[in-house]
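Descriptive structure summary
Listed below are the residues making up each chain.
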Amino acid sequence: MNWDVVSAVAEVIGAIAIVVSLIYVGIQVNDGTRAARSATASDAASVMQAWYLEVGSDPQKSTAFLNGMASPDALTREEFYQFTMMLHAGFLAFQNAYYLSQEGTLDGGLQRSITNVMLAVKDQPGFHLYWNDRKQMFNPSFVGFVDKLLESDVRLPLSTYPAPQLQE
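Residues numbered from 1 in each chain as written. Predicted model: local features only at pLDDT ≥ 70, side-chain atom pairs only at ≥ 80, totals over all residues. Heavy atoms only, no water.

The next point concerns the overall build of the protein. When helices and strands are tallied, the protein shows 6 helices and 0 strands. In sequence order, the protein lays out its α and β elements as α-α-α-α-α-α. In the protein, of all internal contacts separated by at least 6 residues, the share reaching a separation of at least 24 is 69%. When the accessible surface of the protein is totalled, it reaches about 10600 Å², and 61% of it is carbon and sulfur. (Helix = DSSP H or I, 4+ residues; strand = E, 2+ residues; numbered from the N terminus. Contact = heavy atoms within 4.5 Å. Areas by Shrake-Rupley, 256 points an atom, 1.4 Å probe, with all protein chains shown as cover.)

Further remarks concern the nonpolar core. Counting 31 residues, the largest nonpolar core has F65, F91, W131 and F142 as its most contacted members. Contributing elements (two or more residues each) for this core: helix 1 (3–56), helix 2 (59–70), helix 3 (77–102), helix 4 (108–121), helix 5 (125–134) and helix 6 (140–151). (Core = buried A, V, L, I, M, F, W, Y, C linked by side-chain atoms within 4.5 Å. Buried < 20%, exposed > 50% of the residue type's maximum accessible area, 1.4 Å probe, protein only.)

So, about empty space enclosed by the protein. Under the definition given, this model contains 2 cavities of 30 Å³ or more. In this structure, the largest cavity is lined by 12 residues; those nearest its centre are W51, L87, F94, V117 and V121. Looking at the lining of the largest cavity, the elements that each hand over two or more residues are helix 1, helix 2, helix 3 and helix 4. At 4 residues, the largest contribution of residues to the lining of the largest cavity is made by helix 3. A class-by-class count of the residues in the lining of the largest cavity yields 11 nonpolar, 1 polar and no charged. Taken as a whole, the second largest cavity holds about 40 Å³ of empty space. (1 Å grid on protein atoms, 1.4 Å probe; cavity = no way out; pocket = protein on both sides within 12 Å on 5 of 7 lines; lining within 4 Å. Points joined across faces, edges and corners; volume = space filled by probe spheres on them. Nonpolar A, V, L, I, M, F, W, Y, C, P; charged D, E, K, R; others polar.)

This brings us to helix 2. Here helix 2 is 12 residues long and its end C-alpha atoms lie 16 Å apart, about the 16 Å a rise of 1.5 Å per residue gives. Between the side-chain oxygen of the N-cap and the backbone nitrogen of Q60 there are 2.9 Å, and the N-cap of helix 2 in question is D58. (Expected span 1.5 Å × (residues − 1). Polar contact = N/O pair within 3.5 Å; in protein donor to acceptor, adjacent residues only side chain to side chain.)

Moving on, we get to the confidence of the model for the protein. Per-residue pLDDT for the protein has a mean of 84; in total, 87% of the residues score no lower than 70. Considering only residues more than four positions removed or in separate chains, one finds that residues 163–168, a stretch of pLDDT under 50, has 8 contacts. (pLDDT = per-residue confidence, 0-100.)

Okay, here's the thing in structure tokens:
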């Protein structure tokens, strides 16, 4: 038996095994990345869904939010606090989605749909009051992102936010 031939065959088999294992690892990494992106999208959507459900299913919170967006100066101290906390919770979710999108974990389409929420309310007085008062609490790159949205001419009117009318 020629040991040189056996050695050469073993090297070829070893090289093939390495290539096959690298292909397998690549497939696994791709599957893991896809699973992580899917979980991130689900988490971002769940956070926004929970926020909407919380604000929209409680008449008192809905009133405070709508009146706060339209005429924040007309709110009582307690309503203003509640309005501020609701918006802050929403902005924390917006900031999280922004960063996940920036690092490539969150799909750009989902990030755009979340950004459209801000575009739809950016002209509301309560939005401006909140943002001018609280933007220093957020990361500077997110602040720059929101400030650019506020400066843009893009508007997405929603019938949910009609002209200001306070509810008694």
